Amino acid sequence: MYKLKEIAPQVYYVGVNDRQKALFENMWPLPAGVSYNSYLIVDEKSVLVDTVDICYSDIFLKKIADALNGRLLDYLIVDHMEPDHAGSIRLLRQQYPNVQIIGNNKTFGMLQGYHGITDGLHEVKEGDKLNIGKHTLSFYMSPMVHWPEVMMTYDETDKILFSADAFGTYGTLDGGVIDTEMSVDHYWEEMIRYYANIVGKYGNPVQKTLQKLAGLEIQTICSTHGPVWREQKNKAIDIYDRLSRYEGENGVSIIYGSMYGHTEQMAEAIASSLSENGIKKIVMHHVSKSHSSNILKDVFKYKGVIIGSPTYSNQLFPDLEAVLSKIELREVKNRLFAYFGSFSWAGAAVKKLDAFGERMKWETVGTPVEQKQGMSVDNYEACLLLGQAMAERINQN
Ligand SMILES: Cc1cc2nc3c(=O)[nH]c(=O)nc-3n(C[C@H](O)[C@H](O)[C@H](O)COP(=O)(O)O)c2cc1C
Ligand SMILES: [Fe+2]
Ligand SMILES: [Fe+2]
């Protein structure tokens, strides 16, 4: 019944769209949904690459049955064990009891722990090959992009890289599957957000994997989320490369908390000074309004990060502190940092921000501004100077 998209001869897209889930990992908003991609190669042997979230297993299994057209499934390759991809493995095994499951030794520990599966396993190591007829597949370990067991599968025949989460993005596939057959403009920003939220901490492992992939001739990238990259594959690789090197664009995120607007006035002064001094990309994130998912995206995207907070019970403003802990967890490197804060009787916020910058090993730019109660002329001038110092430092870049 299903007319499945053929990525290459005998290679079918059998993934699904999730337009229902509000938060990926119960944390990250999905305004345009997300896809869980899976691919089926119907050669002399039939091979499925990854499964989908268990919520979509019904339609997923129907698509596979249609593509197999009465044949049995010979192999399932498990490139990643996170439940958004591994969730349907047990049901798939029930449907195809003889399917051999291909993974590495780390995969199999998780397969037992999550699904109680211990038999019918085919272990592969770095560089191992599997011939399935016209296609020969080879396997490349890619630990910590995004979990320790992650590996990638390369189809030597059609030069397709099945890349697990790497080169993935939020956003459903709205009809088209391959980038050549649709407009993909709206995915790029979402790719940065996806990277910052999900892969962000693993810059070094991503770099190691990119170096490994540099030796392969890749014509098509089949990631587990978002479009199949063919025409735009170099752009997708370039985005992952720049993000994993923590290379920021010349722009500034101003991230601040404010209860009654006094700290916000400082943020406004700094922003106008950045603009006066030639910075065109300025993003303001009021932490009580902006979701941390978007804040992280801009921290990864831009070179400059300016953070402000009122003092709150001798601490940082709690919602700001929560955002800082998410930035710190991702060990974002090489940012230009400036900070400011406010208090009424005994300031603590600015000291805490100073310590944050030290822990991040970021370069501090300009003189921090600490404001007691309302905005004074001196504070205002100091905020302008802070913005100017950041703009000048960025323009040197
Ligand atoms: C719940 C609460 C806790 C506060 N705790 C402190 C504090 O521990 N030390 C201090 O000097 N000021 C404290 N303040 C005062 C604020 O830091 C000060 O009013 C600041 O200007 C608020 O900035 P805003 O207008 O941007 O919210 C507190 C204010 C509130 C509402
Ligand atoms: Fe993942
Ligand atoms: Fe995923």
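A few words on the overall build of the chain. Within the chain, the regular secondary structure consists of twelve helices and 23 strands. On the principal axes, the C-alpha backbone points of the chain span a range of 80 × 40 × 35 Å. When burial is assessed residue by residue, the chain has 57% of its 397 residues classed as buried. Restricting to contacts in the chain with at least 6 residues of sequence separation, those with at least 24 account for 73%. Surface accessibility of the chain: about 16500 Å² in total, with carbon and sulfur atoms responsible for 49%. Here the chain holds 40 positive side-chain charges and 49 negative ones, and the gap between their average locations is 1 Å.

Taken together, the five strands give an open sheet; going across it, the order is β12-β13-β14-β15-β16, and neighbouring strands pair in mixed fashion. For this open sheet the edge positions go to β12 (129-131) and β16 (220-222), each flanked by a neighbour on one side alone. Neighbour-to-neighbour, the strand axes of the sheet open up by a mean angle of 20°, direction not taken into account. For strand β15 (residues 160-162) and β16, the ladder comprises three bridges, and the chain directions are parallel. Bridge pairing links Ile160 to Thr220 in β16.

Those protein atoms acting as donors to the iron ion (ligand 2) are His80 (NE2), Glu82 (OE), His146 (ND1) and Asp165 (OD), and they sit at 1.9 to 2.3 Å. Between the four donor atoms coordinating the iron ion (ligand 2), the angles at the centre fall across 87 to 163°, so the site counts as irregular. Separating the iron ion (ligand 2) from the iron ion (ligand 3) is a distance of 3.5 Å, and Asp165 supplies a donor atom to each of them. Note on accessibility: His80 and Glu82 belong to one class, buried.

Ideal coordination angles are 109.5 degrees for a metal with four donors arranged tetrahedrally and 90 or 180 degrees for a metal with six donors arranged octahedrally. Only Asp84 (OD), His85 (NE2), Asp165 (OD) and His225 (NE2) from the protein coordinate the iron ion (ligand 3), and they sit 2.1 to 2.3 Å from it. Around the iron ion (ligand 3) sit four donor atoms, and with donor-metal-donor angles ranging over 83 to 171° the site reads as irregular. Expressed as a motif, the donor residue spacing for the iron ion (ligand 3) is D-H-x79-D-x59-H.

It is worth spelling out the domain arrangement of the chain at this point. Interfaces are often sized by the amount of accessible area the parts lose when they come together. Parsing the chain into structural domains produces domain 1 (5-244) and domain 2 (250-395). A separation of 38 Å is found between the C-alpha centroids of domain 1 and domain 2. In this assembly, twelve residues from domain 1 lie in contact with twelve residues from domain 2. Contact between domain 1 and domain 2 buries roughly 1100 Å² in total, counting both sides, with carbon and sulfur atoms accounting for 58%. One can count three salt bridges joining domain 1 with domain 2. As a salt-bridge pair, Lys201 and Glu331 come within 2.6 Å of each other at their nearest N and O atoms. Where domain 1 meets domain 2, there are eight residue pairs in polar contact (both at pLDDT 80 or more). Listing elements by their share of the side of domain 1 that touches domain 2, those giving two or more residues are β5 (28-29) and α5 (187-199). The element contributing the most residues to the side of domain 1 that touches domain 2 is α5, with six residues. Residue composition of the side of domain 1 that touches domain 2, grouped by class: seven nonpolar, two polar and three charged.

Before going further, it helps to spend a moment on the environment of Gly133. Relative to the helices and strands, Gly133 resides in the loop between β12 and β13 (136-141). On a C-alpha basis, the gap between Gly133 and Trp229 in space is 25 Å, while along the polypeptide they are 96 residues apart. If near-sequence neighbours (up to four positions away) are discounted, Gly133 is found in contact with Asp43 and Glu44.

Residues Tyr39 and Ile41 point to one face of strand β7 (residues 39-42) and Leu40 and Val42 to the other, with burial holding for every one of them. Where strand β2 (residues 11-13) lies against β7, three bridges are found, and the strand directions are antiparallel. Counted as the bridge partner of Tyr13 is Tyr39 from β7. Taking the residues between adjacent antiparallel strands as the criterion, β7 and strand β8 (residues 46-49) are bridged by three residues.

Criteria and thresholds
- Residues numbered from 1 in each chain as written.
- Chains lettered and ligands numbered in written order.
- Predicted model: local features only at pLDDT ≥ 70, side-chain atom pairs only at ≥ 80, totals over all residues.
- Heavy atoms only, no water.
- Helix = DSSP H or I, 4+ residues; strand = E, 2+ residues; numbered from the N terminus.
- Buried < 20%, exposed > 50% of the residue type's maximum accessible area, 1.4 Å probe, protein only.
- Contact = heavy atoms within 4.5 Å.
- Areas by Shrake-Rupley, 256 points an atom, 1.4 Å probe, with all protein chains shown as cover.
- Lys, Arg positive; Asp, Glu negative; His and termini not counted.
- Charge placed at Lys NZ, Arg CZ, Asp CG, Glu CD.
- Pairing = 2+ DSSP bridges.
- Axes fitted to C-alpha atoms, helices over the stretch in contact; angles between N-to-C directions.
- Donors = N, O, S within 2.8 Å, 3.2 Å for Na, K, Ca; no water.
- Tetrahedral: all angles 85-135°; square planar, octahedral: opposite > 155°, others 65-115°.
- Domains from an automatic or database assignment.
- Buried area = accessible area lost by both parts, 1.4 Å probe.
- Salt bridge = Lys/Arg side-chain N within 4 Å of Asp/Glu carboxyl O.
- Polar contact = N/O pair within 3.5 Å; in protein donor to acceptor, adjacent residues only side chain to side chain.
- Nonpolar A, V, L, I, M, F, W, Y, C, P; charged D, E, K, R; others polar.

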